[in-house]
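Each chain, letter by letter, is given below.
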Amino acid sequence: MLWDILQAYEKIIHSSISIIVLLTFFFLRKRATRYLFALLLKISNHTLNGIFVQLRASFERPIQGLIVIMGLYIAVVLFPYVHHTNAFFLQVIRSAIIFIFGWGLFHLSSSSSLLFTKLNEKFQFNIDSILIPFLSKAVRLIIVAICFSIIAQEFGYDVNGFVAGLGIGGLAFALAAKDALANFFGGIIIITEKPFTIDDWILTPSVEGTVEDISFRSTKIRTFAQALVTVPNATLANESITNWSKMEKRQITFNLRVTYDTPRDRMENVIAQIRKKLLANEAIHKETIFVHFDQYQENGLDIFLYFFTNTTDWGAYLQVREEVNLMILDILEKEQVTIALPTRKLFVTNEADNFLKRVREGEEG
């Protein structure tokens, strides 16, 4: 009887210690994680600043979870009612550890991670900013697939049979997902040919705006009206794409039409002064400036202007265009040359007057 009482007390004491151990690990998990990262930073002599910040952001919470699992395992070892060698318990512990490491790697492989940037700088891969989201999502998909397969095998599921089943149904899946596959390969074409990258201003038959993101399925473009347009990659890959961000200069071309009564000397002076002012303007590209008397039109004489601005910024381009227009107005006013308006002149001969007079006399008679 006394022996049973002592055993009961012993079990109560062990149970209490087990609970205390679990709570201790739970409440000290954050502090222990901070100490661990401080130790790693000290060992590295503070040379892993950028990577260390990313590692801490990615693995801080997973390590806290790992500490809780360690506490749970020790608590179960001390707990008298559950044996720590129980097969199901060990499966849960191993699966939790696999999940925690996968969780940390999943966050580490995010598109905002320094991982790809550091690899690009060290090995000079020349990873484009548009390629990083693809790499990130591919790595994340691989991490999830590996963790899922390992955990499934831990609980006795036949992953090979599952993969074989996917192979049998692969044809049906491909037919059902042909649009998704077309968009995926369209994204691959965009990445390899690089007609644009993130933050580029592009024009297509579908949309015009700034590229914000590209994913496996589509590309997101912010229009100038601030609307977000999602275009399937298959559509973009088959369309003509004008990348305005790749311009080195912007074109200005138009016809200036003056009246027919403009004397030749004034026409020559206007052309010469416009050409001189354009050459003196620092905002105008000097190598391509054309100002010429072009052709005779129905209601005036056309002066053809063709040149480029050094800036590609839309606002600065409009400013230069305004300055040129005001400069032309000053020259025309100085030379007393008038801009032609779309007018018509009707000339009536004496024979027409006599004919109309006879018609009126006939009506009166």
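The present account deals with the structure reproduced in this document. Note that this is a predicted model, so its numbers are computed, not measured.

Turning to the overall build of the protein, a few remarks are in order. For the protein, the helix and strand inventory stands at 13 helices and eight strands. Here the protein holds 365 residues, and the buried ones make up 30% of them. Intrachain contacts of the protein at a sequence separation of at least 6 include 65% that bridge at least 24 residues. Entry remark: accessible area of the protein is about 24300 Å², with carbon and sulfur atoms responsible for 62%.

Contact geometry for helix H11 (residues 264-280) and helix H12 (residues 314-335): axes closest at 10 Å, N-to-C directions at 150°. Relative to H12, the element H11 lies roughly antiparallel. Every pair of crossing elements has a handedness; the one defined by H11 and H12 is right-handed. Every residue of H12 that contacts H11 at Arg266, Asn269, Val270, Gln273, Ile274, Lys277 and Leu278 is listed here: Val324, Met327, Ile328, Ile331, Leu332, Lys334 and Glu335. Broken down by class, the residue content of the contact of H11 with H12 amounts to eight nonpolar, two polar and four charged.

With respect to the secondary-structure elements, Asn269 resides in helix H11. For Asn269, a relative accessible area of 34% gives the class partly exposed. On a C-alpha basis, the gap between Asn269 and Leu332 in space is 9.6 Å, while along the polypeptide they are 63 residues apart.

Even without a glycine there, the phi angle at Asp199 is positive, about 80°. Of note, Asp199 is situated in the loop between helix H9 (178-193) and strand S1 (201-203). Take Asp199: its relative accessible area is 59%, and that puts it in the exposed class. Here the phi dihedral of Gln226 falls at roughly 70°; this positive angle occurs in a residue that is not glycine.

Overall, antiparallel pairing links the three strands, which are arranged S6-S8-S7 in an open sheet. The two strands at the open ends of the sheet, each matched to only one other strand, are strand S6 (250-258) and strand S7 (284-297). Each strand of the sheet is rotated relative to its neighbour by a mean of 15°, with strand direction disregarded. Across nine bridges, S7 lies against strand S8 (residues 300-309) in antiparallel orientation. When the bridges of S8 are listed, Val291 appears paired with Leu305. Across the sheet, H11 is in contact with S6, S7 and S8; its angle to S7 comes to roughly 160°. Running at roughly 25° to S6, H12 makes contact with S6, S7 and S8 of the sheet.

What follows covers helix H4 (residues 87-108). With 22 residues, H4 extends 32 Å between its outermost C-alpha atoms, agreeing within 8% with the 32 Å of an ideal straight helix rising 1.5 Å per residue. Among all positions of H4, only Phe89, Ile93, Ser95, Ile100, Gly102, Gly104 and Leu108 are buried.

With respect to the helices and strands, the residue Thr33 is situated in helix H2 (residues 29-43). When its relative accessible area of 0% is taken as the criterion, Thr33 is described as buried. Within polar-contact distance, the side chain of Thr33 engages the backbone oxygen of Arg29 at 2.7 Å. When neighbours within four sequence positions are excluded, Thr33 is seen to be in contact with Glu60, Ile63, Gln64 and Ile67.

Time to look at the pairing of S8. Within S8, eight of the 10 residues are buried, which leaves the element mostly enclosed by the surrounding structure. With nine bridges connecting them, S6 and S8 associate as antiparallel partners. The partner of Val258 across the bridge, within S8, is Leu301. Hairpin connection from S7 to S8: two residues lie between these consecutive antiparallel strands.

Here we come to the pattern of salt bridges. Opposite charge on two side chains makes pairing possible when the charged atoms of those side chains draw close. One pass over the structure, following the stated rule, counts four salt bridges. A salt bridge links Arg94 to Glu154; the shortest N-O distance between them is 2.5 Å. Linking Arg94 in helix H4 with Glu154 in helix H6 (residues 131-154), this pair joins segments that are 60 residues apart in sequence. Judged by its relative accessible area of 38%, Arg94 is partly exposed. For Arg264, the salt bridge is made with Glu268, and the minimal N-O distance between the two is 2.9 Å. Of this pair, Arg264 and Glu268 are both found in helix H11, four residues apart, which corresponds to roughly one turn of the helix. Among the residues examined, Arg264 registers a relative accessible area of 67% and is labelled exposed. Under the relative-accessibility criterion, Glu268 is labelled partly exposed at 43%.

What follows is about a nonpolar patch on the surface. Taken together, the side chains of Ile13, Ile17, Tyr73, Ile74, Val77 and Leu78 define a hydrophobic patch exposed on the protein surface, amounting to about 450 Å² of accessible area. Breaking the nonpolar patch down by element, the ones donating at least two residues are helix H1 (2-27) and helix H3 (49-78). If you tally residues by element for the nonpolar patch, the top one is H3, at four residues.

The rules behind the values
- Residues numbered from 1 in each chain as written.
- Predicted model: local features only at pLDDT ≥ 70, side-chain atom pairs only at ≥ 80, totals over all residues.
- Heavy atoms only, no water.
- Helix = DSSP H or I, 4+ residues; strand = E, 2+ residues; numbered from the N terminus.
- Buried < 20%, exposed > 50% of the residue type's maximum accessible area, 1.4 Å probe, protein only.
- Contact = heavy atoms within 4.5 Å.
- Areas by Shrake-Rupley, 256 points an atom, 1.4 Å probe, with all protein chains shown as cover.
- Axes fitted to C-alpha atoms, helices over the stretch in contact; angles between N-to-C directions.
- Parallel < 35°, antiparallel > 145°, perpendicular 65-115°, else oblique.
- Left-handed = near helix turned anticlockwise from the far one by under 90°.
- Nonpolar A, V, L, I, M, F, W, Y, C, P; charged D, E, K, R; others polar.
- Pairing = 2+ DSSP bridges.
- Expected span 1.5 Å × (residues − 1).
- Polar contact = N/O pair within 3.5 Å; in protein donor to acceptor, adjacent residues only side chain to side chain.
- Salt bridge = Lys/Arg side-chain N within 4 Å of Asp/Glu carboxyl O.
- Patch = residues over 30% accessible without salt bridge, like charges linked within 9 Å, V, L, I, M, F, W, Y side chains within 5 Å.

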